[in-house]
Amino acid sequence: MSRIIDIRIEALANPTASVTEAPAVIAHSSASVHGTFFLETFGCQMNEHDSEKVAGLLLARGYQQVGTPEAAGLILYNTCSIREKAAQKVFSRLGEYRGLKGEGKKIGLLGCVAQQEGEDIFSRAPWVSLVCGSASYRKLPELLAKVEAGEQRVAGLDNDTDETFETEITRRDNPWRAYLTIIEGCDKACAYCVVPFTRGPERSRDSGRILVELKQLADFGYSEVQFLGQTVNSYADPSPRKMRFSELLIEAAQVPGIRRVRFTTSHPRDFTLDIIAAMNSNAAICNHVHLPVQSGSTRVLRAMQRTYSRDEYLEKIAMIRCAKRRTAITTDVIVGFPGETNGDFDETLSLLDEVKYDGVFSFKYSPRPNTSASTMPDAIPEEEKSRRLALLQEKQRVIQSETLQSLVGEVYEVHVDGKSKKENSWYGHSSCNRVVSLTSPAPDLLGRYVKARVTGCTANSLVGEQIPIS
Ligand code: 5AD
Ligand code: SF4
């Protein structure tokens, strides 16, 4: 098994100084653009983490990462196509890069738009010389070699794979909280979603490899890990151990040095009681579940092919509410799915009242290529989608503000990961993923876990003060 090596962000400022355990591999400090890359990322946490791995892979090959396209010889753009707006953004950004090829720079498109549009990109934007979807990242070194050798149209677009993206080096952005992908792709077939087309079929990583990587992360000083997957709880260990997702959570929580284990995104269908039992058995497993519902109407859920009804979803919520610790629940909602009536939409609003989510990410339905919903009749007009979205967001704003106000006086353990501009002021996350800003006279709290008493709140976060350790 290959050794996983981790590069911290400081390594980018001074590439020869602080590369954890791997000084030799990026001993490259040329000021010229040759051998340099710029990588911009759009989209979800999976994309962010893919970019961390791609950056690691390039650093291991002697490239140096730079902060602007102007300073780079190779410009990579990791893209998102979940909604049309995100995909449009990619093409307008690509337009900005049009003139750069003439300067000898190489431009590559990675991720979901690359996979979705494929080689058509070469005709649409001939200044692009590399197109590579996430299921082909393993092949990036050979693809890049071709690009560097001057090939004009290099493509990695395999999608029917059982392989996962394993790297020896990952360049992580956050020094305390690490992403770790445990399952790639998606085997569900939600009628609106491009992910099964852009990220390919579901592939779970070997549990042994995941745990080895986690131990190494702990050795590097990471104390919080976030397991990632489009449907993280559909994890199916391909190794002979056949660990269940809940068992993986428990083992991860027992790794010395790891204080918090998060996971996202959970699919309601695969959210089972053993996950709650795992959360009850070990407080290092965070008390937060992101459980996208998409709609409160069983009729719409059926049309979306979500594989559960409103009542079945609510049973999962009831199960989470029975957990020993109060567990925060967040969700995703789509408004204006084809054929969604006012009555259906009212059911989504009433679901918000019933569940009282701690956070809702809400979106207007956007038709996507290849998906079954894209040809459904009864499209909802754009203005109506906007009206519904505004109503839903206002309802959630009121619910959330009541919840946050009710938390004044509570005590949270906060993992501090930022310093505010204000003096003596810091911010971080609770185990249940609430943002907490706090005051403390301590000179440096970055990376530390402190107890804070909540004294107030803003629209989306809690405000508190550190409780001195007695
Ligand atoms: N239109 C609008 N929202 C979408 N999502 C996925 N596909 C679409 C689409 N075609 C939303 C879902 C999903 C989140 C990541 O993005 O709510 O959970
Ligand atoms: Fe898309 Fe549905 Fe898979 Fe989530 S579960 S990634 S919404 S197809």
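Here, the structure is the one placed above.
Predicted model only: the values in this text are computed from it and were never measured. Residue positions are given per chain, counting from 1 as you read along its sequence in written order. Numbering of ligands from 1 and lettering of chains from A proceed in the order in which they are written. Local features are withheld for residues below a pLDDT of 70 in this predicted model, meaning they are given only at 70 or higher, and side-chain atom pairs are given and counted only at 80 or more; totals for whole chains, interfaces and linings count all residues. The side-chain numbers reported here are obtained from all heavy atoms of the structure, hydrogens and water having been left aside.

**Student:** Where do I start with the overall build of the protein chain in this structure?
**Tutor:** Helix numbering and strand numbering both begin at the N terminus, where a helix is a DSSP run of H or I of at least 4 residues and a strand a DSSP run of E of at least 2. When you go through the protein chain residue by residue, the secondary structure sums to 14 helices and 21 strands. Radius of gyration (C-alpha) of the protein chain: 23 Å, near the 23 Å computed for a compact globule of 470 residues. Projecting the C-alpha coordinates of the protein chain onto the three principal axes gives extents of approximately 65 × 60 × 50 Å. The buried label applies to any residue whose accessible area, calculated with a 1.4 Å probe on protein chains only, is under 20% of its type's maximum; exposed applies above 50%, and partly exposed to all values in between. Every one of the 470 residues in the protein chain was classed for burial, and the buried ones make up 57%. The contact criterion used throughout is that any non-hydrogen atoms of two residues lie within 4.5 Å. Taking contacts inside the protein chain between residues at least 6 apart in sequence as the whole, the part at least 24 apart equals 73%. Element-wise, carbon and sulfur atoms account for 51% of the exposed surface of the protein chain, whose accessible area totals about 19800 Å². When we talk radius of gyration, it's over C-alpha atoms, and the globule rule is simply 2.2 Å times the number of residues to the 0.38. Accessible areas in this description were obtained via Shrake-Rupley with a 1.4 Å probe; residue shielding takes into account the shown protein chains only.

**Student:** Hey, could you run me through the site of ligand 2 in this one?
**Tutor:** Taken together, Cys-186, Lys-188, Cys-190, Tyr-192, Cys-193, Val-195, Pro-196, Gln-230, Thr-231, His-267 and Arg-306 make up the full set of residues adjacent to ligand 2. As a working rule, the residues Ala, Val, Leu, Ile, Met, Phe, Trp, Tyr, Cys and Pro are called nonpolar, Asp, Glu, Lys and Arg charged, and the rest polar, with Gly in that last group. A per-class count over the shell around ligand 2 returns 6 nonpolar, 3 polar and 2 charged. Residues are labelled near a given molecule or strand when at least one of their non-hydrogen atoms is within 4 Å of it.

**Student:** What's the story with the site of ligand 1 in this structure? I'm lost.
**Tutor:** All residues in the neighbourhood of ligand 1 are listed as Ile-82, Arg-83, Tyr-192, Gln-294, Asp-332, Ile-334, Phe-363, Lys-364, Tyr-365, Ser-366 and Arg-368. Pairs of N or O atoms are called polar contacts if they sit within 3.5 Å, as long as, within protein, a hydrogen donor faces a hydrogen acceptor (for residues adjacent in sequence, only side-chain-to-side-chain pairs). A distance of 3.0 Å separates a nitrogen atom of ligand 1 from a polar backbone atom of Tyr-192. Here an oxygen atom of ligand 1 and a side-chain polar atom of Gln-294 are 2.7 Å apart. Contact with the protein chains hides 86% of the accessible area of ligand 1, taken as 400 Å² for the molecule alone. For the shell around ligand 1, the secondary structure elements donating two or more residues are strand 15 (328–335) and strand 16 (359–364). Looking at the shell around ligand 1 residue by residue, the class counts come to 5 nonpolar, 2 polar and 4 charged.

**Student:** Hey, could you run me through the packing of helix 8 (residues 207–219) against helix 9 (residues 245–253) in this one?
**Tutor:** Any two packed helices are characterised by the angle at which their axes cross and by the distance between the axes. Packing of helix 8 against helix 9 leaves a shortest axis separation of 10 Å and a crossing angle of 25°. Judged by the angle between their axes, helix 8 and helix 9 are roughly parallel. The two elements helix 8 and helix 9 cross, and the hand of that crossing is right-handed. Here Ser-207, Ile-210, Leu-211 and Leu-214 of helix 8 come into contact with helix 9, specifically with Leu-248, Glu-251 and Ala-252. A breakdown of the residues in the contact of helix 8 with helix 9 according to their chemical character gives 5 nonpolar, 1 polar and 1 charged. To define axes, lines are fitted to C-alpha atoms, for helices over the stretch in contact only, and angles between the resulting N-to-C directions are given on a 0 to 180 degree scale. Any angle that is under 35 degrees is reported as roughly parallel, and any over 145 degrees as roughly antiparallel; angles of 65 to 115 degrees are reported as roughly perpendicular and all others as oblique. The handedness criterion is simple: a crossing whose near helix is rotated anticlockwise from the far helix by less than a right angle is left-handed, and one whose near helix is rotated clockwise is right-handed.

**Student:** Can you help me understand helix 2 (residues 45–60) in this one?
**Tutor:** For an α-helix the count is 3.6 residues per turn, leaving residues at separations of three or four pointing the same way. Here, expected helix span is obtained from the residue count minus one, scaled by 1.5 Å. Helix length check: helix 2, at 16 residues, gives a terminal C-alpha distance of 23 Å against a target of 22 Å (1.5 Å per residue), a fit within 8%. Here helix 2 lies mainly inside the structure; 13 of its 16 residues are buried. Phi for Gly-62, located one or two positions after helix 2, is positive at around 95°.

**Student:** For this particular structure, what's the right way to read helix 9?
**Tutor:** Of all the residues in helix 9, the buried ones are Phe-245, Ser-246, Leu-248, Leu-249, Ala-252 and Ala-253. The arc that holds the buried residues of helix 9, viewed along the axis, is 160°, so those residues lie on one side. Our arc is simply the arc of the directions from the helix axis toward the C-beta atoms.

**Student:** What exactly am I supposed to notice about the pairing of strand 16 here?
**Tutor:** Remark: a regular strand shows side chains that alternate across the two faces of the sheet. Pairing geometry for strand 15 and strand 16, over 6 bridges, is parallel. Note that in strand 16 the partner of Thr-330 across the bridge is Gly-359. Strand pairing is assigned whenever DSSP detects at least two bridges linking the two strands.

**Student:** What's the story with the environment of Val-54 in this structure? I'm lost.
**Tutor:** Secondary-structure assignment places Val-54 in helix 2. You can call Val-54 buried: its relative accessible area is 0%. Along the chain, Val-54 and Ala-145 lie 91 residues apart, while their C-alpha atoms are 14 Å from each other. With residues near it in sequence (within four places) discarded, Val-54 still touches Leu-39, Leu-76, Leu-110, Tyr-137, Leu-140 and Phe-165.

**Student:** Got a minute to help me understand the sheet that holds strand 19 (residues 435–439) in this structure?
**Tutor:** Working definition: the strands of a sheet are paired by backbone hydrogen bonds and lie parallel or antiparallel to each other. Pairing is mixed in the closed barrel, where 5 strands are placed in the order 17-18-19-21-20. Within this sheet the neighbouring strands show an average axis-to-axis angle of 55°, counted without direction. In this structure, strand 17 (residues 411–419) lies alongside strand 20 (residues 449–457), joined through 5 bridges in antiparallel fashion. Paired with Val-411 across the strands is Arg-453, a residue of strand 20.

**Student:** Help me understand the pattern of salt bridges in this model?
**Tutor:** Oppositely charged side chains can form a pair if their charged atoms are brought close together. Definition used for salt bridges: Asp or Glu carboxyl oxygen within 4 Å of a side-chain nitrogen of Lys or Arg. Inspection of every chain in the model, using the stated rule, returns 30 salt bridges. Notably, a salt bridge pairs Arg-209 with Glu-166, separated by 3.4 Å at the nearest N-O pair. Within this pair, whereas Arg-209 is found in helix 8, its partner Glu-166 is found in the loop between strand 7 (154–156) and strand 8 (169–171), the two being separated by 43 residues in sequence. Look at Glu-166 and you get partly exposed, because its relative accessible area is 22%.

**Student:** Help me understand the packing of aromatic side chains in this model?
**Tutor:** Two descriptors summarise a pair of aromatic rings, namely the distance from one centre to the other and the angle between the planes of the rings. Only the six-membered ring of Trp is used, alongside the rings of Phe and Tyr, when aromatic pairs are assigned; centres must lie within 6.5 Å, and planes under 30 degrees apart are stacked while those over 60 apart are edge-to-face, with the rest tilted. A complete count under the given rule lists 8 aromatic pairs for this structure. When the centroid spacing of 6.4 Å and the interplanar angle of 85° are considered together, the rings of Tyr-192 and Phe-337 count as edge-to-face. Of this pair, Tyr-192 sits in the loop between strand 10 (183–184) and helix 7 (195–198) while Phe-337 sits in the loop between strand 15 and helix 13 (342–355), and the two are 145 residues apart along the sequence. By relative accessible area, which is 10% here, Tyr-192 ends up buried. Classification of Phe-337 as buried rests on a relative accessible area of 0%. Ring geometry for Tyr-308 against Tyr-313: centres 5.8 Å apart, planes inclined by 35°, an arrangement best described as tilted. One exposure class covers both Tyr-308 and Tyr-313, and it is buried. Each residue in the set Phe-42, Tyr-77 and Tyr-97 is aromatic and connected to the rest through ring pairs, giving one cluster. By definition here, charges over rings are those cases where NZ of Lys or CZ of Arg is within 6 Å of the ring centre and within 35 degrees of the ring normal. Its guanidinium or amino end placed over the ring of Phe-363, Arg-83 lies 3.7 Å from that ring's centre, counting from NZ or CZ.

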